[in-house]
Amino acid sequence: MIFMLPAEGHHDYFTFDLLTAYSDAESGFLGTYVGSSELVKASFISGFMDAGYPAGSWYYKQVNGENVEQAPLKTGEFTISYNQDGTHTFVLDAWDDAEEPNHITLNFTGYIE
């Protein structure tokens, strides 16, 4: 599970439930993941509700510490790459489950903590 959130303030944030293409820990988590409701290698698990709680991969908007919007990430691609300066780049190009799906994007480069 990856949580991507800013250090403080009002913000958008993401949770990703990833299944890597590798079967060993040494290979890491870099690569491209495709949204899927099936448990397949190299995928992010599409967001869904489980007993009233969000599970899988989601987008959230938070104001004053409260989630005011949320959307399951259903389809698309999420790519994680390593840069020579020690940072990682995260690129998301996805859609939610609305009748007319919302396009949700992310392009962030920074250090993993």
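In this text the structure is predicted, and so the values were computed from the model without any measurement. (Residues numbered from 1 in each chain as written. Predicted model: local features only at pLDDT ≥ 70, side-chain atom pairs only at ≥ 80, totals over all residues. Heavy atoms only, no water.)

*Asks:* Explain the overall build of the chain here, please?
*Replies:* Tallying secondary structure elements over the chain gives zero helices and 12 strands in all. For 113 residues, the compact-globule estimate of 2.2 N^0.38 gives 13 Å, and the chain sits close to it at 14 Å. The dimensions of the chain, computed from C-alpha atoms along their principal axes, are 35 × 35 × 25 Å. Counting every position in the chain, which comprises 113 residues, the buried fraction comes to 35%. Taking contacts inside the chain between residues at least 6 apart in sequence as the whole, the part at least 24 apart equals 41%. Carbon and sulfur atoms make up 51% of the accessible area of the chain, which totals about 7200 Å². (Helix = DSSP H or I, 4+ residues; strand = E, 2+ residues; numbered from the N terminus. Rg over C-alpha atoms; globule rule 2.2 N^0.38 Å. Buried < 20%, exposed > 50% of the residue type's maximum accessible area, 1.4 Å probe, protein only. Contact = heavy atoms within 4.5 Å. Areas by Shrake-Rupley, 256 points an atom, 1.4 Å probe, with all protein chains shown as cover.)

*Asks:* Is there a simple way to explain the sheet that holds strand E11 (residues 88-95) in this structure?
*Replies:* Note: strands within a sheet are paired through backbone hydrogen bonds, in either parallel or antiparallel orientation. Taking strand neighbours across the sheet as the criterion, the six strands line up as E3-E5-E4-E10-E11-E12 in an open arrangement whose pairing is mixed. What marks the edges here is a single partner per strand, and that holds for strand E3 (18-19) and strand E12 (103-110). Across four bridges, strand E4 (residues 31-36) lies against strand E10 (residues 75-82) in antiparallel orientation. Considered in E10, the bridge of Gly 31 is made with Ile 80. (Pairing = 2+ DSSP bridges.)

*Asks:* Explain the pairing of strand E8 (residues 58-63) to me, please; I cannot follow it from the model alone.
*Replies:* Regular strands have side chains that alternate between both faces of the sheet. In terms of strand pairing, strand E2 (residues 11-16) meets E8 through five bridges, oriented antiparallel. Residue His 11 lies in a different strand from E8, and its bridge partner there is Gln 62. Linking E8 to strand E9 (residues 66-72), which pair antiparallel, is a turn of two residues; within it Asn 64 sits at a positive phi near 50 degrees.

*Asks:* Help me understand unusual backbone geometry in this model?
*Replies:* Most peptide bonds adopt trans geometry, and most residues besides glycine take a negative phi value. The phi dihedral of Ala 42 falls on the positive side, at around 60 degrees, and the residue is not glycine. According to the relative accessible area criterion, Ala 42 is partly exposed, its value standing at 24%. You will see that Ala 51, though not glycine, has its phi angle at about 55 degrees, which is positive. As for its position among the elements, Ala 51 is in the loop between strand E6 (48-50) and strand E7 (53-55). Accessibility expressed as a relative area gives 69% for Ala 51, which makes it exposed.

*Asks:* Would you mind going over the nonpolar core with me for this structure?
*Replies:* Generally speaking, nonpolar side chains in soluble globular proteins are found buried as a group. Core analysis: the biggest nonpolar cluster contains 16 residues, and Phe 14, Phe 16, Leu 18, Leu 73, Phe 78 and Leu 92 have the highest contact counts within it. At the level of elements, E2, E10, E11 and E12 are the ones that each hand at least two residues to this core. Counting residues per element, this core draws most heavily on E11, which supplies three residues. Among all residues touching Leu 92, those that are not within four sequence positions of it are Phe 14, Phe 16, Leu 73, Glu 77, Phe 78, Ile 104, Thr 105 and Leu 106. (Core = buried A, V, L, I, M, F, W, Y, C linked by side-chain atoms within 4.5 Å.)

*Asks:* Please clarify how a nonpolar patch on the surface should be interpreted in this entry.
*Replies:* Residues Phe 29, Leu 30, Tyr 82 and Ile 112 make up a contiguous nonpolar surface patch of about 350 Å² in total accessible area. Examined against the element boundaries, Phe 29 turns out to sit in the loop between E3 and E4. (Patch = residues over 30% accessible without salt bridge, like charges linked within 9 Å, V, L, I, M, F, W, Y side chains within 5 Å. Salt bridge = Lys/Arg side-chain N within 4 Å of Asp/Glu carboxyl O.)

*Asks:* It is not clear to me how the environment of Gly 47 should be interpreted in this structure. Could you clarify?
*Replies:* Of note, Gly 47 is situated in the loop between strand E5 (43-45) and E6. A residue is classified by how much of its surface remains accessible, and Gly 47, at 0% relative accessible area, is buried. The spacing of Gly 47 and Tyr 13 is 34 residues in sequence and 14 Å in space, taken between C-alpha atoms. The residues contacting Gly 47, other than those within four sequence positions of it, are Ala 55, Gly 56, Ser 57, Trp 58, Pro 72, Leu 73 and Lys 74.

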